[in-house]
Amino acid sequence: MPAFVLAFIAVEVLIGNILGFPKYGVLYKMKGMRSTSGHQNVYKPYSKYWNAKGKFEIYKRNNLGLPGADVDVAADSKYICVLGSSFIENMYIKPELMSTTVLQNRLKAVDKHYNVLNLGYNGYDPYDCLRRMVYYEQTYKPGYVMLVINSYNSDSYKLIEKPFDINPASMYADNSFKSNANIFLRNNSAFIRLVAVLFQNGEEQTVLPPTDTPPDEEPYLTDLEICLNGFTKRYGDNFVCLAILGDSIANRKLDHFCFENNINFEYSNLMTPENQIDGDWHLNAKGNAALGDFLYESYRKHFISNK
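Notes on the structure follow. The shown structure was predicted, so the numbers you read here are calculated from the model rather than taken from an experiment.

What follows covers the overall build of the protein chain. Counting its secondary structure elements, the protein chain contains 9 helices and 10 strands. By the burial criterion, 50% of the 307 residues in the protein chain qualify as buried. Summarising the internal contacts of the protein chain: among those between residues at least 6 apart in sequence, 73% fall at separations of at least 24. With the model as given, the accessible surface of the protein chain reaches about 15,100 Å², and the carbon-plus-sulfur share is 55%.

Rendered as structure tokens:
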């Protein structure tokens, strides 16, 4: 037993202290935040994580445990919430280069009270984003809500009875012994955290690029349109949908639908090879800068110029 303890300590020092592999950094695991089964992690402030797409680099979340720059939580802060999948969460680029950081920097140049909450989460579709927004709005009242969509798939609402009548009480922390033990061990041991990553069974989902272009005659945008109506019903003119689909037909159809239904909408053709990571469809630093500028110009158009 002493030999095992010494070996464990040696491995822990090697992985955690010398190699710098981060611990879990999870505050608690939520149930009900997403339509599908399983947990969604809520992270500790300044918890560490590693680049998921390139060379091994360690980054930190902000003071709220969210991706991107720190957020001022003073009483007079104005919150702009940006929702989306891994394109917004951005676990593969330095926080200072994220699109949401670009947006916050540009907004603060106009008014220091502006603060951007990066509420992106890997694998989320628009309906999951809506549920996530409902959870966070209990603490940070959103002035404006911006949904970035990179895919037209949005059918997870079908898994929930009365999906757009969302009760925040349906989202709660899992305080079971199993969950708490899981968090404790991974939060306190880089080695256990690493082993868990190697053997985890799909706790997180990944957003994959679409494999086929949908046929023009099929109503493949219906689910997305239903979700956009759900956002607008809740947030009204303080909501805007921003599409980066890379599909001109879908963009035009959404533009027409949103115009007919008084939904704020913009789209951008920034999904180009020079804006994407080599061998991957996610956005590189240049693409994040372009997305950040697109977010800012859309905000200015819909929430400043039209007031």
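Next comes the rest of the write-up.
Despite not being glycine, Tyr46 has its phi angle at roughly 60°, a positive value. Among the residues examined, Tyr46 registers a relative accessible area of 42% and is labelled partly exposed. You will see that Asn90, though not glycine, has its phi angle at about 60°, which is positive. With respect to the element layout, Asn90 can be found in the loop between α2 (86-89) and α3 (99-108). Judged by relative accessible area, which is 1%, Asn90 ranks as buried.

Right, let's get into the nonpolar core. With 49 residues, the main nonpolar core has Leu117, Leu228, Phe231 and Phe239 as its most contacted residues. Contributions of two or more residues to this core are made by β1 (26-31), β2 (40-43), β5 (78-83), α4 (126-136), β7 (142-149), α7 (222-235), β9 (239-243) and α8 (248-260). The leading source of residues in this core is α4, at 7 residues. Judged by nonpolar contacts, the second largest core, of 24 residues, contains Phe87, Tyr114, Val116 and Val148.

With that out of the way, let us pick up the packing of aromatic side chains. A full pass over the atoms with the stated rule returns 14 aromatic pairs. Site record: aromatic cluster; members linked through ring pairs are Tyr114, Tyr144, Tyr299 and Phe303. Seen from the ring of Tyr43, Arg61 lies directly overhead, with NZ or CZ sitting 3.5 Å from the centre. A cation over an aromatic ring shows up here: Lys78 above the ring of Tyr114, its NZ or CZ 5.4 Å from the ring centre.

Here Ala74 shows up in the loop between β4 (58-60) and β5. C-alpha separation for the pair Ala74 and His113, spaced 39 residues apart in sequence, amounts to 8.6 Å.

This part is about the side chain of Asn275. With respect to the helices, strands and loops of the structure, Asn275 is situated in the loop between β10 (264-267) and α9 (285-305). The exposure class assigned to Asn275 is buried, which follows from its relative accessible area of 8%. A polar contact of 2.9 Å, which involves the side chain of Asn275, links it to the backbone oxygen of Leu270. Here Asn275 is in contact with Leu270, His282, Leu283, Asn284, Lys286, Gly287 and Ala290, once residues within four sequence places are set aside.

Here 5 strands make up an open sheet; going across it, the order is β6-β5-β7-β9-β10 and the pairing parallel. Where the open sheet ends on each side, the last strands, each with one partner, are β6 (114-118) and β10. Adjacent strand axes in the sheet meet at a mean angle of 20° when their direction is disregarded. Docked against the sheet, α7 engages β5, β7 and β9, running at close to 170° with respect to β7. Where α8 meets the sheet, its contacts fall on β7, β9 and β10, and the angle it forms with β10 comes to roughly 160°.

Procedures and definitions
- Residues numbered from 1 in each chain as written.
- Predicted model: local features only at pLDDT ≥ 70, side-chain atom pairs only at ≥ 80, totals over all residues.
- Heavy atoms only, no water.
- Helix = DSSP H or I, 4+ residues; strand = E, 2+ residues; numbered from the N terminus.
- Buried < 20%, exposed > 50% of the residue type's maximum accessible area, 1.4 Å probe, protein only.
- Contact = heavy atoms within 4.5 Å.
- Areas by Shrake-Rupley, 256 points an atom, 1.4 Å probe, with all protein chains shown as cover.
- Core = buried A, V, L, I, M, F, W, Y, C linked by side-chain atoms within 4.5 Å.
- Phe/Tyr/Trp six-rings, centres within 6.5 Å; stacked < 30°, edge-to-face > 60°.
- Lys NZ or Arg CZ within 6 Å of the ring centre and 35° of its normal.
- Polar contact = N/O pair within 3.5 Å; in protein donor to acceptor, adjacent residues only side chain to side chain.
- Pairing = 2+ DSSP bridges.
- Axes fitted to C-alpha atoms, helices over the stretch in contact; angles between N-to-C directions.

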